[in-house]
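Secondary and tertiary structure notes
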Amino acid sequence: MTTMTQELPQVRGVKQIPVYEGFTSGHRTCQGCESALVMRLMIKAAGPRSIVVGSTGCMYVANTTYYSTPWTVPWMHTQLGSSGSAATGTAAGLASLMRKGKMTEEPINVIAFCGDGGGVDMGLSAISAALQHDEYNLLILCYDNESYANTDIQVSGSSPWGANSTFSPPGKVHRIMNRRWKKNTVPMLAAGHPDVRYVATACGSYGPDFTNKIRRALTIGGPTFIHSIDPCPKGWDYDPKYSHELGMLAVETGIWVQYEIVDGELILNGPSRAISRGIRRRKPVTEYLQRQGRFAHLTEEDLKFFQEKIDDSWEKWWIPGIVPFRPHDEGE
Amino acid sequence: MATQTLYQTEREELISGSEAIAIACAMADVDVITAYPIRPYDTVMQYVSKLKADGAFDCDFIVAESEHSQFEIVKHASAVGARTFCGSSGVGWFYAFEAITVTAGLRLPVVAMVGNRALDDPGAFGVEHNDAMAVRDLGWMLYWVGTAQEAFDTAILAWRVAEDPRVFLPAAISCDGSFLTHSQAIVNVPTQEQVDRFLPRYDRGRLLLHPDNPITVAPQVNEDWLMEIRRQTDDAMRRTSDVIKEAYDEFKQVFGRGDPSPFIEEYMTEDADIVLVGMGTLAMPVRVAVRRMREQGKKVGFLRVKFFRPFATDEIREALGHCKAVGVIDRDYSYGSPSYGGVLFNEIRSALYNLDQRPLVQSFIAGLGGREVLVRDVEEMTNMVQNSIDSGQVTQENTWIGVRE
């Protein structure tokens, strides 16, 4: 049932990232906003024959102001929890009209994006449903800045343990208000929807890798999902010039794992690949955590706990950093 | 084009209101339909899915994972130019509320069926009108259907009006749970040729979301522009009256049936001292009661409100202005409202207020949760209205009918 997709070749190096801009001036994102870069890279990779739908969040409110839209591709707002439904509806509308001869047939990229609030929290069921419809070509991109950043930095299901937010402020009695560990979203979606042909994590610090992931997702056919980690100067409390570096540190400390699952095959990318092969050592989590004001209240004991959790995920998990359970060992 | 072979000749079928609307979907060649189960509306989706399975028409039929997604999916399909249909009942309609409100805000001509049902809690399958009514301020056209035939006709009319570029507003067709969704009646199904003549293709025009037309839809506007945009939606709703009239006149020409007015149905109101007002299938027992009371020499009539939005203020004033008293029978409640009256009651009373000579208006709440409204209930209400006329004032503004104390 899957209709044709566009031909979007893989790039080798930054110089092959298209000059084309679909996300231009006119937005009002913060200085150092990594999510804005994610939007820019996303549409560079996808090209002009695309429809982008954005759910409520920073990348709606800060990006898209009446009379000053940065989008040169068709763009539409959707509700906070609706990225999955928006992608499904857009793709279904196009598919139906083209099949019935009511619209000129051509492959049009359908991309719906959501933040971590819209994707990991509220929109999860709609994303799950969208991933079950293998007859529609669509990409859902979750840009994860690890809080409800647009509404004043409130903790989400994707916020890291211990992070200071306006809903999880450290206090005199309770130092750690966010006691939830970050949701393991991509493996959950990959394992839960085995027919989905492409699921990946990404990070805007790695431009060519990011471009190629968007392109694989858009060309492989069927519904796909990409989850990117987006450093946020406002929510993470650091100097805006370090966004790029913090993205890399998230990966190099092993807190964020870069990988893609293509037709059921797990491929680790960049530093994560090197870490998993033992070619490269993970940097201590403190190198990442202590660069951010949101973790300033963490004590030595807290940092140790954080490090141990990350160590466990690499040393005890069945698939290091990705799949947290393992088969029962019947040998002992 | 399988539909054309199925519907080459006009014919009569014994079907429910739900099945009538499902056939309308096929004949309107709807492109995207979304379903989610909840009684009693979901019968329409059972018929739709069977029609698709049997090749009666081609659509993308998507079973969503919630009503919210159900309404979001058709909203976005509509934005890229697809003709759409969905629906719900009771709390399911409320689960979709966010999507419902933005659909009107985005001016997308989604057509939905509401199988009216009591809201939880406690659970009840039967009809109440509070579900669909909850969106009365948001820019949806709201219609209450009286028969299965009218369900079919209204669906065809709904796409025509909603998709008119002068309107571009969504429309909900309310069908009383059980009484319409599950009860069969003879329906005249027209030919495909007639439907095609009446219903042009949906053309989103310069608002189409497509790479050839790279617009940005629904950016953040804040206080700078929101009021102007609200006013545009208000203007669109004001235009619906003329568009409905125009479409309804053509409907009568093409299909050879219809009432004098698309907005209201008047029954023996001309010389009536008392006019009862209600919506939906309530019309059936009320008409019987009116006939019976007329035989006894009482000057009673009935006015059925078909379009609740747009509310036909002028026609309703015209129809009710001359009588002595009006009794509004609401199949809904509005806790804490003016006079503790029903929703329709307060709308009617408000419409009549600025008349120089206005009738007394009295509120009745009846038939909640699908409880049957009997002929003797209608007679009781009429007697109470007569008492108000006799005493020159409405002493009890609101009465719940047939409630065990």
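Procedures and definitions
- Residues numbered from 1 in each chain as written.
- Chains lettered and ligands numbered in written order.
- Predicted model: local features only at pLDDT ≥ 70, side-chain atom pairs only at ≥ 80, totals over all residues.
- Helix = DSSP H or I, 4+ residues; strand = E, 2+ residues; numbered from the N terminus.
- Rg over C-alpha atoms; globule rule 2.2 N^0.38 Å.
- Buried ≥ 20, exposed ≤ 12 C-beta atoms within 10 Å, placed from the backbone.
- Contact = placed C-beta atoms within 7 Å.
- pLDDT = per-residue confidence, 0-100.
- Pairing = 2+ DSSP bridges.
- Axes fitted to C-alpha atoms, helices over the stretch in contact; angles between N-to-C directions.
- Nonpolar A, V, L, I, M, F, W, Y, C, P; charged D, E, K, R; others polar.
- Expected span 1.5 Å × (residues − 1).
- Parallel < 35°, antiparallel > 145°, perpendicular 65-115°, else oblique.
- Left-handed = near helix turned anticlockwise from the far one by under 90°.
- Core = buried A, V, L, I, M, F, W, Y, C linked by C-beta atoms within 7 Å.
- Right-handed = clockwise from strand over helix to strand, strands pointing away.

1. Quick look at the overall build of chain A
Counting its secondary structure elements, chain A contains 12 helices and eight strands. Against the globule reference of 20 Å for 332 residues, chain A gives a C-alpha radius of gyration of 20 Å, in line with a compact fold. Taken along its principal axes, the extent of the C-alpha atoms in chain A is 65 × 55 × 40 Å. Out of the 332 residues belonging to chain A, those deemed buried represent 55%.

2. Observations concerning the overall build of chain B
For chain B, the count of helices and strands is 14 helices and 16 strands. The globule rule puts the C-alpha radius of gyration for 405 residues at 22 Å, and the 21 Å found for chain B is close to it. Dimensions of chain B, computed from C-alpha atoms along their principal axes, come out at roughly 70 × 55 × 45 Å. For chain B, the share of sequence-separated contacts (at least 6 apart) that also reach a separation of at least 24 residues comes to 80%.

3. A word on the confidence of the model for chain B
Scored by pLDDT, chain B comes out at a mean of 96, with 99% of its residues at no less than 70. Overall fold confidence (pTM) sits at 0.97, and the ipTM for the predicted complex is 0.97.

4. Remarks on the sheet that holds strand β3 (residues 109-115) of chain A
Ordered in space as β8(A)-β7(A)-β5(A)-β6(A)-β4(A)-β3(A)-β1(A)-β2(A)-β9(B), the nine strands form an open sheet in which the pairing is mixed. The open sheet has two edge strands, β8 (265-268) of chain A together with β9 (216-217) of chain B, and neither has a second partner. As judged from the four bridges shared by strand β7 (residues 259-262) of chain A and β8(A), these two strands associate in the antiparallel manner. What sits directly across from A:I261, in β8(A), is A:L266. Each of β5 (198-203), β6 (223-229) and β7 of chain A is contacted by helix α6 (residues 185-192) of chain A, which is oriented at about 170° to β5(A), the strand it contacts most.

5. Quick word on the interface of chain A and chain B
With 40 residues of chain A in contact, the opposing surface of chain B contributes 38 residues. Those elements giving two or more residues to the side of chain A that touches chain B turn out to be β1 (50-55), α2 (58-61), β2 (75-78), α3 (83-99) and α5 (124-130) of chain A. A total of 11 residues in the side of chain A that touches chain B trace back to one element, the largest contributor, which is α3(A). Among the residues making up the side of chain A that touches chain B, the classes are represented as 20 nonpolar, 18 polar and two charged.

6. Brief notes about unusual backbone geometry
The omega torsion of the bond from B:D120 to B:D121 falls at -20°, within 30 degrees of zero and hence cis. Structurally, the position occupied by B:D121 is in the loop between β5 (111-116) and α7 (130-133). Cis peptide bonds are those with omega within 30 degrees of zero, and the linkage from B:R309 to B:P310 qualifies with 0°. Its place among the elements puts B:P310 in the loop between β13 (307-309) and α12 (313-320). Backbone geometry at A:Y67 places phi at a positive 75°, although glycine is not the residue there. On the secondary structure map, A:Y67 appears in the loop between α2 and β2. Non-glycine residue A:E146 carries a positive phi angle of around 65°. When you line up the elements, A:E146 lands in the loop between β4 (138-144) and α6.

7. So, the sheet that holds β5(B)
All names here are of chain B. A sheet is described by the order of its strands in space; here seven strands give the open sequence β3-β2-β4-β5-β7-β6-β13, paired in mixed fashion. At either end of the open sheet lies a strand with only one pairing partner, and these are β3 (60-63) and β13. The average undirected angle you get between the axes of adjacent strands in this sheet is 20°. The sheet contact formed by strand β2 (residues 32-35) and β3 spans four bridges and is parallel. Considered in β3, the bridge of V32 is made with D60. Strands in contact with helix α3 (residues 43-53) are β2, β3, β4 (84-88) and β5; relative to β3, the strand with the most contacts, it is inclined by about 135°. Its contacts with the sheet place helix α4 (residues 67-79) against β2, β3 and β4, and it is angled at close to 165° to β4.

8. Thoughts on helix α7 (residues 207-219) of chain A
Over its 13 residues, α7(A) runs 18 Å from end to end, which matches the ideal 18 Å to within 8%, given 1.5 Å per residue. Listing the buried residues of α7(A) in full gives A:F210, A:T211, A:N212, A:K213, A:I214, A:R215, A:R216, A:A217 and A:L218.

9. Some words on the environment of A:R12
Residue and element names in this part refer to chain A. Counting through the fold element by element, R12 comes out in the segment before α1 (34-46). On the neighbour-count criterion, R12 (9 C-beta atoms within 10 Å) is exposed. Taking C-alpha positions, R12 is 8.8 Å from D209, a pair spaced 197 residues apart along the chain.

10. Quick notes on the pairing of β5(B)
Residues and elements named next belong to chain B. The element β5 is extensively covered by neighbouring structure, given that six of its six residues are classed as buried. Burial of the side chains of β5 extends over both faces: V111, M113 and G115 are buried on one face and A112, V114 and N116 on the other. Pairing between β4 and β5: four bridges, direction parallel. For C86, the partnering residue across the bridge sits in β5 and is A112. In this sheet, strand β7 (residues 171-176) lies alongside β5 in parallel orientation, the contact comprising six bridges. Across the sheet, M113 pairs through a bridge with I173, a residue of β7.

11. A closer look at the packing of α4(B) against helix α6 (residues 97-105) of chain B
Residues and elements named next belong to chain B. α6 packs onto α4 with a crossing angle of 20° between their chain directions and a minimal axis gap of 7 Å. Classed by the angle they form, the pair α4 and α6 counts as roughly parallel. In terms of crossing hand, the pair formed by α4 and α6 is left-handed. Within the contact between the two elements, α4 uses H68, F71, E72 and K75 and α6 uses E98, A99, I100, V102 and T103.

12. Structural notes on the nonpolar core
All names here are of chain B. If you look at the biggest cluster of nonpolar residues, it comprises 227 residues, and the most contacted ones within it are I21 and I173. Of the residues forming this core, the biggest block, 10 residues, is contributed by helix α8 (residues 148-162). The residues touching I21, leaving out its near neighbours within four places in the chain, are V44, M113, A151, F152, A155 and I173.

13. Looking at the pairing of β6(A)
Residues and elements named next belong to chain A. Counting buried positions along β6 yields seven of seven residues, so the element is predominantly enclosed. Residues P223, F225, H227 and I229 line one face of β6 and the alternating positions T224, I226 and S228 line the opposite face, and both faces are buried. The sheet contact formed by β4 and β6 spans seven bridges and is parallel. Bridge pairing in β6 places C142 opposite H227. Here β5 pairs with β6 via six bridges, running parallel. Following the sheet pairing, C203 is matched in β6 by I229. This β-α-β element, β5 to α7 to β6, shows right-handed connectivity.

14. Some points on the packing of α12(B) against helix α13 (residues 343-352) of chain B
Between two packed helices, what matters for the description is the angle formed by their axes and the separation of those axes. Residue and element names in this part refer to chain B. Relative to each other, α12 and α13 sit at 80°, their axes nearing to 9 Å. Relative to α13, the element α12 is oriented roughly perpendicular. Facing α12, whose interface residues are T313, I316, R317 and L320, α13 presents I348, A351 and L352. Classifying every residue of the contact of α12 with α13 by side-chain character gives five nonpolar, one polar and one charged.

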